[in-house]
Every structure is written in structure tokens, then in C-alpha cells.
Amino acid sequence: MGNTERITTLAHAASVGTIAAELSVDPANGLEATEANKRRGQYGPNKLEEEKSRSWPLILLGQFKSPIVLLLVVAAALSFLFKEWLDGIAILVVLLINGLIGFFMEYQADRAMSSLKKLVSMQARVLRDGREVEIDQADIVPGDVLVLEAGDRVPADARIVQASKVQADESALTGESMPVEKGTAAVAAEAILAERASMLYKATFLTNGNARAVVVATGMNTELGRIAHLVQSADQAATPLEKKLEEFSRKLIKLTVALVVLIFIAGLVDGQPWLEMLETSIALAVAAVPEGLPIVATMALAQGMLRMARQQVIVKRLSAVETLGSTDVICTDKTGTLTENRISVVRIVTPLGTADTTAPLGKEDDQALAIVRACAIHCNTATLVAGDPLETGLLRFALRAGEDVETIRRSLPKLKEEPFSAETRIMATLHRAEGGFVVYAKGAAEELLGRCTRIVTTEGEHDLDDLTRLEWITQAEALATSGLRMIAAAYRASDQELIDLTHELVFAGLIGMMDPARPEVAPAIAECHKAGIRVIMITGDHPATAQSIAGQLGISKEGTARVVNGRDVPGIEQMSRAMKEEIAAANVFARVSPRQKLDLVTLLQERGHVVGMTGDGLNDAPALKKADIGIAMGLRGTQVAQDVADMVLKDDSFTSVVRAIRQGRVIFENIRRVVIYLLSCNLSELVVIAVASVLGLHFQLFPLQILFINLVTDVLPALALGVIGDGPAIMQQPPRPASVPIIDRTRWRAVILYSMVIAAASIGAVFISHLTVHRTETWNPHLCNNILFFTLIMSQLLHVFNMAASGTGFFRSEVFRSRVVWAALVTSVLILIGLYEVPVIRSVLSIYPLTVADLIIMSGAAIASLLLIQLARTFKLVTQ
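Residues numbered from 1 in each chain as written. Predicted model: local features only at pLDDT ≥ 70, side-chain atom pairs only at ≥ 80, totals over all residues. Heavy atoms only, no water.

> Could you clarify how one ought to interpret the overall build of the protein chain in this entry?
Per the secondary structure count, the protein chain includes 31 helices and 24 strands. When burial is assessed residue by residue, the protein chain has 54% of its 880 residues classed as buried. Sequence separation of 24 or more characterises 71% of the internal contacts of the protein chain that already satisfy a separation of 6 or more. Taken as a whole, the protein chain presents about 38200 Å² of accessible surface, with 58% of it coming from carbon and sulfur. (Helix = DSSP H or I, 4+ residues; strand = E, 2+ residues; numbered from the N terminus. Buried < 20%, exposed > 50% of the residue type's maximum accessible area, 1.4 Å probe, protein only. Contact = heavy atoms within 4.5 Å. Areas by Shrake-Rupley, 256 points an atom, 1.4 Å probe, with all protein chains shown as cover.)

> Help me understand the pattern of salt bridges in this model?
It is possible for side chains of opposite charge to pair when their charged atoms get near one another. Tallied over the full model, the rule gives 29 salt bridges. Close ionic contact of D744 with R747 constitutes a salt bridge, the shortest N to O distance being 2.8 Å. Taking the relative accessible area as the measure of exposure, R747 reaches 14% and is therefore buried. Linked by salt bridges that have partners in common, R125, E132, E149 and D152 make up one network. (Salt bridge = Lys/Arg side-chain N within 4 Å of Asp/Glu carboxyl O.)

> What is the right way to read unusual backbone geometry from this model?
Despite not being glycine, Q312 has its phi angle at roughly 75°, a positive value. Although it is not a glycine, D652 adopts a positive phi angle of roughly 60°. One can find D652 in the loop between β24 (647–649) and α24 (654–695). Given the relative accessible area of 2%, D652 is considered buried.

> Please explain a nonpolar patch on the surface as it appears in this structure.
Judged by side-chain polarity, W822, V826, V829, L830 and I833 come together as a nonpolar surface patch covering roughly 450 Å² of accessible area. Along the polypeptide, I833 turns up in helix α29 (residues 819–836). Assessed through its relative accessible area of 45%, I833 is described here as partly exposed. (Patch = residues over 30% accessible without salt bridge, like charges linked within 9 Å, V, L, I, M, F, W, Y side chains within 5 Å.)

> Help me out: how do you make sense of the sheet that holds strand β23 (residues 629–633) in this one?
If you walk across this open sheet you meet the eight strands as β8-β24-β23-β22-β9-β19-β21-β20, and the pairing is mixed. Unpaired on one side and paired on the other, β8 (313–315) and β20 (563–565) mark the two borders of the sheet. The sheet shows a mean angle of 20° between the axes of neighbouring strands, taken without regard to direction. In the sheet, strand β22 (residues 611–615) pairs with β23 via four bridges, with the strands oriented parallel. Note that in β23 the partner of M613 across the bridge is G630. (Pairing = 2+ DSSP bridges. Axes fitted to C-alpha atoms, helices over the stretch in contact; angles between N-to-C directions.)

> Please clarify how the nonpolar core should be interpreted in this entry.
A general tendency of soluble globular proteins is for nonpolar side chains to be buried together. Among the nonpolar cores identified, the biggest contains 73 residues, and L701, F789, I793, V815 and V821 are the most heavily contacted of them. When residues in this core are grouped by element, the largest group, 11 residues, is from α24. Those residues in contact with I793, other than ones at most four positions away along the chain, are F708, I709, V712, T713 and L832. (Core = buried A, V, L, I, M, F, W, Y, C linked by side-chain atoms within 4.5 Å.)

> Even after reading the chapter, I still don't get the packing of aromatic side chains, so can you show me in this structure?
Each aromatic ring pair is summarised here by two numbers: the centre-to-centre distance and the angle between the ring planes. Using the criterion set out here, one finds 13 aromatic pairs in the structure. Relative to W779, the ring of F767 lies with its centre 5.7 Å away and its plane at 75°, an arrangement referred to as edge-to-face. In this pair, F767 sits in helix α27 (residues 745–771) while W779 sits in the loop between α27 and α28 (781–798), placing the two residues 12 residues apart along the sequence. A relative accessible area of 31% places F767 in the partly exposed class. For W779, a relative accessible area of 33% translates into the label partly exposed. Geometrically, the ring pair formed by F816 and W822 is edge-to-face, given 5.5 Å between the ring centres and 85° between the ring planes. Since its relative accessible area comes to 21%, F816 is described here as partly exposed. Aromatic rings pair up to connect F801, F810, F811, F816 and W822 into one cluster. (Phe/Tyr/Trp six-rings, centres within 6.5 Å; stacked < 30°, edge-to-face > 60°.)

> What is the right way to read the pairing of strand β2 (residues 131–136) from this model?
Within a regular beta strand, the side chains point alternately toward one face of the sheet and then the other, so they alternate between its two faces. The pairing of strand β1 (residues 123–128) with β2 spans six bridges and is classified as antiparallel. Pairing of L127 across the sheet is with E132, part of β2.

> Got a minute to help me understand the packing of helix α25 (residues 703–713) against α28 in this structure?
When two helices pack together, their arrangement is given by the angle between the helix axes and the distance between those axes. It is the contact of α25 with α28, at a shortest axis distance of 10 Å, that shows an interaxial angle of 25°. Between α25 and α28, the crossing angle belongs to the class labelled roughly parallel. When the axes of α25 and α28 are compared, the crossing they make is right-handed. Where α25 abuts α28, its residues Q705, F708, I709, V712 and T713 lie against N785, N786, F789, L792, I793, Q796 and L797. Looking at side-chain class alone, the contact of α25 with α28 contains seven nonpolar, five polar and no charged residues. (Parallel < 35°, antiparallel > 145°, perpendicular 65-115°, else oblique. Left-handed = near helix turned anticlockwise from the far one by under 90°. Nonpolar A, V, L, I, M, F, W, Y, C, P; charged D, E, K, R; others polar.)

> Just to check I follow, could you spell out α29 for this structure?
A turn of α-helix holds 3.6 residues, and therefore any two residues three or four places apart point the same way. End to end, α29 covers 26 Å across 18 residues, agreeing with the expected 26 Å (1.5 Å per residue, within 8%). Listed as buried for α29 are V821, A824, L825, S828 and L832. The buried residues of α29 occupy an angular sector of 95° when the element is viewed end-on, so they sit on one face. Turned more than 90 degrees away from the buried face of α29, the exposed residues are R819 and L830. Residues of α29 that are buried in the fold lie against α25, α26 (715–723) and α28. The N-cap of α29, judged by a side-chain oxygen 3.3 Å from the amide nitrogen of V820 a few residues on, is S818. (Expected span 1.5 Å × (residues − 1). Arc of directions from axis to C-beta. Polar contact = N/O pair within 3.5 Å; in protein donor to acceptor, adjacent residues only side chain to side chain.)

As far as function goes, none of this settles anything; it's purely spatial.
If you want it as C-alpha cells, here you go:
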């Protein structure tokens, strides 16, 4: 190869031949695979430098920045100052253990997010060895020939070598908001970036037409790479849920500080040593505030995202997971999402007759049928193995008729193309034919017939009058009623090269295609309805086709749904209030434009709905961005749609949307469970300390015991609750309003009741033990302390089973059946037993041997707390 740096800089001014020679590539065939691999090693991956993730030392240090941790450090320092060596060392050890646990959880969450990013790889179409193939964008090298069409994001800087009505949006690079016309002609060497019409640049995208372009720069050598600060990642903003948790924690800290001050003053009044009360107060603050909650929440979100990725749903933003649980309207495409996207031609209707494609396709002398087949082959950018499903279906139809697709295409070289657009709903191509030129066109029947002035008949071509045109439109509507997707085919022969390809056409016939509904979609829609989620079908198809499919899938009662025709709907600014209400209440929309999709999302959001919108095309991007949850198609979606979306469906299936909503609900409920569990456990400790201090009881929990309880009962059970699966009723509840707090008044009542019961059971166990087993003995503060300590641990561990959703049986609940929960509880018990057997730990925690009778009383009290809470839930004294 020649001087590639010079080509990279001046590619816009070089001719196509010069570019090809300098980069040693044939634009018609692309690079050979072996040469591409060689260049991959030479130039490296086609990636911009990314912001490095935090190193593990920084994550570890971040665990010790909490104000509460600093308070504990002060407590340890005071312990050392007053020569309480054991207490000081123990506090530091507990701090280290807490820090290591927090580090492990955050590190795992970071790794989970990194794994998720690896699943999101963008593909590009290139020519390799004369064939069009899809490769990872990172594998593009200088000299590759890109194959691009409207909606594709340009993966590298490239010189255009072939173009058809190309326009590109370069706003990300130049700031120019209007699309720029592109072509193959070289421009002046001194042309500024915005004026280089012969170039396509990385991160820009095609808004119209199609092109082939030779890559001249990749990765950091691209124009975008040179100004990489434009695309450097900003700090990740906190998600709405994280903000709710932070706000919740701040309020809880204020409440805790007030309570701790009261306990501290009560202890001083009671004559307790001020240093001991200070340490106790600080330890209580740590016990009351679930400081590990944000980490558990992030872990739950990240794990949920990975779980959805395994179910063909790639979630790009953490906040999207939260919003999924509140979604109450899903606006979905029909083709490929509700249907199988296996389009096949089943009927051809021409002015000369009707052909069922399951039978012989017609007479050889049927001129109209021959034109329809020619249109299916030539007015088509797909191949038999790749391309738009509608177009591949047309090619399969021609193949079944015995046509040699490639040979026929070579016989009529394509000179120009009018790409399909949502506005015209027509595609047309111009070809060189023997003795002149020929245009082939296909599109929506009513649109294409409106552009036709003549019709094929048995006696040749005749004028197409308005009555005949209306009869054909009516026939297309009748066929659409049976669920067929109808398009029309037309042509035009000329002895001169035409400029306008979509007018004065000759109508040749109708093509009826079938795209069967996915069998799993109807049950999924029924599940949505049970969950209070409304499903709206939006399609560009004929209203009759839309009505038929909507009835089959249960979106509406078959044949009774009112279908809103996009042609009859003005812009949102021109709508009356009555029309807005009517539009917002409809469930089936046909012949909808991208602008109308955006208007529909706006109308629904104005009425308080949380809207999920699916889309696949370039023109869907505004609606995807506007929706609360933008859902792009992974198989047929354009790169622009995938870029702006919050989620990408790898299988394009509606059922994946429903699974994602289910998972979003599960994640929120799990985080809510964790909050309720931690609050009720920690508040029970505060209640125990407060009661003992206020009543002047001769037994009390020690600061180190409180910290140890948190280590045993808070960490593993909370993590387990954060990742358990869904319950049977998760999709039988209405969507959660986005404004609902994590803990509302009802759940606060539950937290208070739970903590009171656990505290009462723990204190009660002390009195029961003294009045029964030790009734002949004097009060033993050490024994009472140990019974209180172990009963509190047992009660909190069993309290995990109270976190099941209301209305589910105890043994059938998702918590009781969770292996993760059982593993966490067993591990916690083993840790407790193991530490009990270590003399140093027993000494630090002031633990003494207990009798079997004491163990029975402690176990009985813990079980009693579980039963009392279950009774309260059964009689609906509390709900959660």
C-alpha cells in the first residue's frame, strides 16, 4: 500500500481510482479475507479509546469514605486513647470486613456491567472476497468497502465510490443540523470538513439513499478520533432509583441521629460511662442506616440486566430497568415483532387473472404476471440470504417460479434507485434494457395506483381511469381484510433515461403476502392485560390487515377494533381535544408515519402513561427517544434506532418485551424487599437498645455485638433477597406509578411492626429464660446479654421468610423456594457457629457457654416472632 496517512488526510480530494490504487482494493469485490486479517493486525481494532473503568484499589478506598465510617474510626481512636485496646482493634476489624464486603459487591457489579457491554457489539456490512458479509465494526480495516443504506451509522471514515441519492446527518461531527448531500465526485483539497461531500465520517449516519464507500481511516485515526473529547463518556449520572435511595438514606440518618442522641443522653442520666455510650451510639448509627443498600441496589440492577441479556434483551441504561416496572402502555410494531417476519407471497392478482402461489403460477404468456415477477427481482435490494424480509420473500417467489435471480439482474443493470420511504411508501429502480430503459416500482397499493396512468390488459396497455383504479384499491382492501399484506407492482418502459421514476407508471398487479403471527405473542398480550398493561399495535400496513392481526392476537376483539388510519390524523397541533382523547384511547393504528408515532407517544405521556415504544427504522428514532422506554430491534433495526433506544431486542420478539417488564418489576420488588428487611432488622436493634436504656434494664447489647449482628444478618440475606426470582403474582398487579416511593406509609407500618415483634421476642426470651430455666438464680447480666444477642440474630435470619409478596402461601413463596436464600441462611449460620468456636471471637463478643434449654428458648422465641408476623400478614394487619 501507499502512504495511508496522506490518503486519510486528502481522501476527499482524490479520485475513486486513486483511492482504490493507494489502498490496494477493488471497490467491486472488497478486500480478501487474508488481507483484511493482516491489516487488522497492522492498524488494530476500529475503536475509540474508552474511559478506563475504576481500578480495584480505587473501588476499595471508596468503601471508607462514608461519614459513618469516619465516626467509627473516631470511636476506635478514642478506645485506643483510653487503652481499650480490644474494642479499638475489634472496631477496625469490623470496618475492614465491612469494607471488603462492600468492595466485593461493587467490584462484582462493575464486572457484570463490563460483561453486558461486551454483549452489545455493532455490526457493519462490507464486501469481502466479492461477497457482502456482516462483521463486527471493530474488525473494519482501511481498504474495506462499506455497504450502507438509510439508517446505517457510518462505522469509519470512508471515501464514497458509489452513491444513490445519499444524504448524511453529520451533526455529531460538524454541528450542522441539516442532512448533507453526498456523492462520488472529488472536492477541493482545501475543503473544510463540512464541505467534503465525497466523504462519510465515523459516527455520522445516512438519512437517505444507499452507498458504497472505501474505508480510509479507523479508530483513533478518524476525524472523530482526533476530536475524541466530543464522544468521551461523562460520569454516569445516578439513576432515579439510586436518587430515591440516597434521599431515603439522608432522611433515615437524620432520624437515626436524633434517636441516638436521645439514647446517649438517657445512658448518661442512668450513670453509664460516657465513652461506652459514645461507642454504643455510633455503633447504633451504623446499625440503623443500611449503608450497603446502594451497592446491593446496583448489584441487583446489574444482575437483572445480565439476566435479561440471556433472554435476548440488551438493556443499555440502568434507569431503563427501573422504568420497566412502571410501564403501562406498550406501542409495538406489527411486522417481525408480533409476526414471525417470514413473509411469503401467497397470491398474485393481475388484470389478466389470479394465481395462488401454492399452485402453478400462471401461464407463460401472462404478460402482467411476468412483469410482477420482474418487479420482484429488480425493484429489490435484498439477496436470497440477506436483506429486508419482504424483499427476500419476493425473491423466493421468483425462485419458485423458476427464475434465475442473479442472471436476470445482470441482464438489466441498475442505473438509479428511488429508495422506499415512509412518506411515499414506494420504491422504484431504473434499469438499462435492450433498446432503452425500464423502471420497476412497488409499494402500498393505494399509493402506487395513484401514480399509475395506464394498466396492462389482454390487449396491451390501456389508460387507467379513476373507476378502475378505485376497483383495484377496493380489491386490495378486501384481500387485506383476510390478513394478507398487499403491495402493488408497476413498470414503465422508455427510450430515454428517466429522471422521475415514480409517476406515469403502468399497473401490473397486486401481490398478497402472508406474515403469520408468532404463536407465543397472543399469550404474552393476555399476560400484559392481566398486568394492567395496554398494548397498542402500530403498523404501516393496510388498516384491514392491521384489524385482522389485532383480532387474532387479542389486542382487540376480532373484527371489532377501531383502526385509526394515519392518513386521517392531522398533526398534534391541529387536533381538537376530542380527537386527542379518541386517538389516545385507540389500540390499533395503520398507515402511520414516524411523525405520528412521536405524536402518539406525546399524547399518551400527557395523560400520565409510562410508554414503551418499539421501532426499527431511522425515522423511528424520535419516537424511541421520546418514549419512556425506547425499544429497538436487534435483527432488523437500523443502527441509529439502536443508538437512541434504551433496550435492544436481539430476537425482535414481543415476548422479550414482556419478559423485560417482568424482570423490571422483579428488580424493584427485590430492592424494596432488601430495604424493608434491613430497616426492620436494624430498627429492632435500636428498639432493644432504647428499651433497655429507658427502662434501666440490667442487660444491654455491646457495640461490637451490634456490629457483628449486622455482619451476620445484613450482608448475605440482603444480597440473596436482591437477586431472587419472580413470584407467581408479579404480573397480576397493576403497574407501579413512577412517583411511588420505595417505602410508602403502608410499608413503614410493616417495618415498625416487624421491628417491634423481633425486639419483643428477643427481650422476651431473656425474661422467659430467667423465669424458667434460671428461676433459682440471681440475674446474670452476661447470660441475659448472650440470650438477647443470639435470639436477635436468629429472629433476623428467620425474618427473611417474611419478605415474600403478600397473598402468596408461605411454602409456595418465591423467598421460601429460593435456593439463594437458603444458601445465604445456611452460610450465615455456619459463620456464626464457626466464630462461636474461636476463643478470641468469643472473648471479644463477650460470649459464654449456653445450656440446651437456653438454646431451645432462643429458638422458640425466634420462631414465635416469625409466626406472629405471618399471622399479622395473614389477617392483613400489614402488607408489603
